[in-house]
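Okay, here's what each chain looks like letter by letter:
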Amino acid sequence: MAEPISHNPDAEEEAVVRRIRDQNDAFAELDRMPRTHTVQGPVSVVVHGERFVVPLTVKDVRAALADELRPVFDSEIDTAPPNMAGRLIRKWALEVIPGDAIDRVDVLLRAEQRAYGLGTAAA
């Protein structure tokens, strides 16, 4: 019988896991908020000293995508059930934000928090 694999995460790995959990918790909080306003155009945010302009609407995400990605985006949006629309917008908004995956999520989170007028402690 094979012995179980033992994994002792280091401090850096644990910090990344905490960061991802915090991001997920913050997005879940945003998803629970009532939709009492609309986002007017892309949102400008500064994360880790760098400025980003983040699209948060279907129209703005479509405009920000490379030409070859727009048909795929349109197909996904056109066939998405209502409960998936927000997730798809986030997925595609991440495509146009530069940086590595975890940093792009921080940028998107900060932009959504700003659009809601919330603090930005998680980003």
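Above this text sits the structure in question.
Quick summary incoming for the structure in this document. (Residues numbered from 1 in each chain as written. Predicted model: local features only at pLDDT ≥ 70, side-chain atom pairs only at ≥ 80, totals over all residues. Heavy atoms only, no water.)

### A closer look at the overall build of the protein chain
Selection criterion: For helices the rule is a DSSP run of H or I covering at least 4 residues; for strands it is a run of E covering at least 2, with both sets numbered from the N terminus onward. All accessible-area figures derive from a Shrake-Rupley calculation using a 1.4 Å probe, and residue coverage is judged against the displayed protein chains alone.
Looking only at helices and strands, one finds five helices and two strands in the protein chain. In sequence order, the protein chain lays out its α and β elements as α-β-β-α-α-α-α. Counting only carbon and sulfur atoms, one obtains 53% of the accessible surface of the protein chain, whose full area is about 8200 Å².

### Observations regarding the pattern of salt bridges
Formally: Within this document, salt bridges are pairs made up of a side-chain nitrogen of Lys or Arg and a carboxyl oxygen of Asp or Glu, the two lying within 4 Å of each other.
For the structure shown, the criterion picks out six salt bridges. The residue R70 makes a salt bridge to D67 at a minimum N-O spacing of 2.4 Å. Connected via shared salt-bridge partners are R19, D103 and D106.

### Digging into the packing of helix α4 (residues 85-96) against helix α5 (residues 101-116)
The relative placement of two packed helices comes down to the angle between their axes together with the axis-to-axis distance. Put simply, the rule is: Note on definitions: angles span 0 to 180 degrees between N-to-C directions of axes, and those axes are lines fitted to C-alpha atoms, for helices only across the stretch in contact. For classification, angles of less than 35 degrees are called roughly parallel, those exceeding 145 degrees roughly antiparallel, those between 65 and 115 degrees roughly perpendicular, and all remaining angles oblique. Working rule for handedness: look at the near helix, and if it is turned counterclockwise from the far one by less than a right angle, call the crossing left-handed; if clockwise, right-handed. Pairs of residues are marked as contacts when any of their non-hydrogen atoms sit within 4.5 Å. Three classes are used: nonpolar for Ala, Val, Leu, Ile, Met, Phe, Trp, Tyr, Cys and Pro, charged for Asp, Glu, Lys and Arg, and polar for all others, with Gly counted as polar.
Between α4 and α5, the shortest axis-to-axis distance is 10 Å and the interhelical angle comes to 120 degrees. One element, α4, and the other, α5, form an angle in the oblique class. The handedness of the crossing between α4 and α5 is right-handed. The residues of α5 that touch α4, namely those facing R90, A93 and L94, are R104, V105, L108 and E112. Taken together, the residues that form the contact of α4 with α5 break down as four nonpolar, no polar and three charged.

### With respect to the packing of aromatic side chains
We count it as follows: Note on aromatic contacts: the rings of Phe and Tyr and the six-membered ring of Trp form a pair at centre separations within 6.5 Å, being stacked when their planes are under 30 degrees apart, edge-to-face when over 60 apart, and tilted otherwise. Throughout, exposure labels follow a simple rule: accessible area from a 1.4 Å probe, protein chains only, divided by the maximum for the residue type, with under 20% read as buried, over 50% as exposed, and the rest as partly exposed.
Applying the stated criterion to the full structure yields one aromatic pair. Ring centres 5.8 Å apart and planes at 80 degrees place the aromatic pair F73 and W92 in the edge-to-face group. Within this pair, whereas F73 is found in helix α3 (residues 70-79), its partner W92 is found in helix α4, the two being separated by 19 residues in sequence. By relative accessible area, which is 0% here, F73 ends up buried.

### Section: unusual backbone geometry
One can expect most non-glycine residues to show negative phi and most peptide bonds to be in trans. The backbone phi angle of H48 is positive, close to 55 degrees, even though this residue is not glycine. Turning to its location among the elements, H48 is positioned in the loop between β1 (43-47) and β2 (50-54).

### Focus on the nonpolar core
A general feature of soluble globular proteins is that nonpolar side chains tend to end up buried together. Stated precisely, the cut-off is as follows: For our purposes a nonpolar core is just a set of buried Ala, Val, Leu, Ile, Met, Phe, Trp, Tyr and Cys residues, chained together by side-chain atoms within 4.5 Å.
Ranked by internal contacts, the top residues of the largest apolar core, which has 25 residues, are V45, V54 and L108. Secondary structure elements with two or more residues in this core: α1 (11-32), β1, β2, α3, α4 and α5. Excluding residues within four positions of it along the chain, V54 makes contact with P42, V43, V45, I97, V107, L108 and A111.

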